[in-house]
Amino acid sequence: RLPAAGPCPRLLCPGPLSRAVKRSLRAVAVGGQQLRVAVRAGDGSRAPLVLANGIGASLEVLEPFVDRLDPSIEVVRFDAPGVGGSPLPRVPYRLPRLARLLARLLDQLGYRSVDLLGISWGAAWPSSSPCPTATAAVGWCSSPPAPAR
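How each quantity is defined
Residues numbered from 1 in each chain as written. Predicted model: local features only at pLDDT ≥ 70, side-chain atom pairs only at ≥ 80, totals over all residues. Heavy atoms only, no water. Helix = DSSP H or I, 4+ residues; strand = E, 2+ residues; numbered from the N terminus. Buried < 20%, exposed > 50% of the residue type's maximum accessible area, 1.4 Å probe, protein only. Contact = heavy atoms within 4.5 Å. Areas by Shrake-Rupley, 256 points an atom, 1.4 Å probe, with all protein chains shown as cover. Core = buried A, V, L, I, M, F, W, Y, C linked by side-chain atoms within 4.5 Å. Polar contact = N/O pair within 3.5 Å; in protein donor to acceptor, adjacent residues only side chain to side chain.

## A word on the overall build of the protein chain
Argument step 1. When helices and strands are tallied, the protein chain shows three helices and six strands.
Argument step 2. Residue burial in the protein chain is summarised as follows: out of 149 residues, 42% are buried.
Argument step 3. Taking contacts inside the protein chain between residues at least 6 apart in sequence as the whole, the part at least 24 apart equals 63%.
Argument step 4. When the accessible surface of the protein chain is split by element, carbon and sulfur atoms take 58% of a total near 8,300 Å².

In structure tokens form, the structure reads like this:
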């Protein structure tokens, strides 16, 4: 939890536009799998930030974090198959398949380069398979170290 008072990093301090930032929530079909996706628009001055949740966590879990980010950063969140508003997959899946699903989602949304933050289980997605979408920065939280590439 962020401190209630005192200085905070610029990227985490809410700006004057924090309440007026455009947001969208929609279902996106990716290779036959529906995914619920939330996008908070940014100003296009930097790569969008993609947040990959931990297992069983819906995209709403990170709403307070997103609200504290600089409003110039575009933020993409999604519900994994079988979580939140995304229906169960037709067949069981493994992490490499989920990594490809994420890459296809980002491609379908038109992103060529993103910053990616994986939390817990969500951190295993990008590290389990090379992502065709270029990543400017990758971060892991509450996860084992990324395997060597």
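## Considerations on the nonpolar core
Argument step 1. Judged by nonpolar contacts, the single largest core of 18 residues is most densely connected at Val37, Val50, Val76, Phe78, Leu105, Leu109 and Tyr111.
Argument step 2. Of all the secondary-structure elements, those providing two or more residues to this core are β1 (23-30), β2 (33-40), β3 (49-52), β4 (75-78), α2 (95-108) and β5 (113-119).
Argument step 3. The element that contributes the greatest number of residues to this core is α2, accounting for five residues.
Argument step 4. Ignoring sequence-local partners within four residues, the contact set of Val37 consists of Ser24, Leu25, Arg26, Val28, Leu59, Val76, Arg77, Phe78, Leu105 and Leu109.
Argument step 5. Counting eight residues, the second largest nonpolar core, distinct from the first, contains Leu51, Leu62, Leu69 and Val75.

## Some details on the side chain of Ser86
Argument step 1. By secondary structure assignment, the location of Ser86 is in the loop between β4 and α2.
Argument step 2. Classification of Ser86 as buried rests on a relative accessible area of 4%.
Argument step 3. At 2.8 Å, the side chain of Ser86 forms a polar contact with the backbone nitrogen of Arg36.
Argument step 4. Sequence-distant contacts of Ser86, defined by excluding residues within four places in its chain, comprise Gln34, Leu35, Arg36, Asp79, Ala80 and Pro81.

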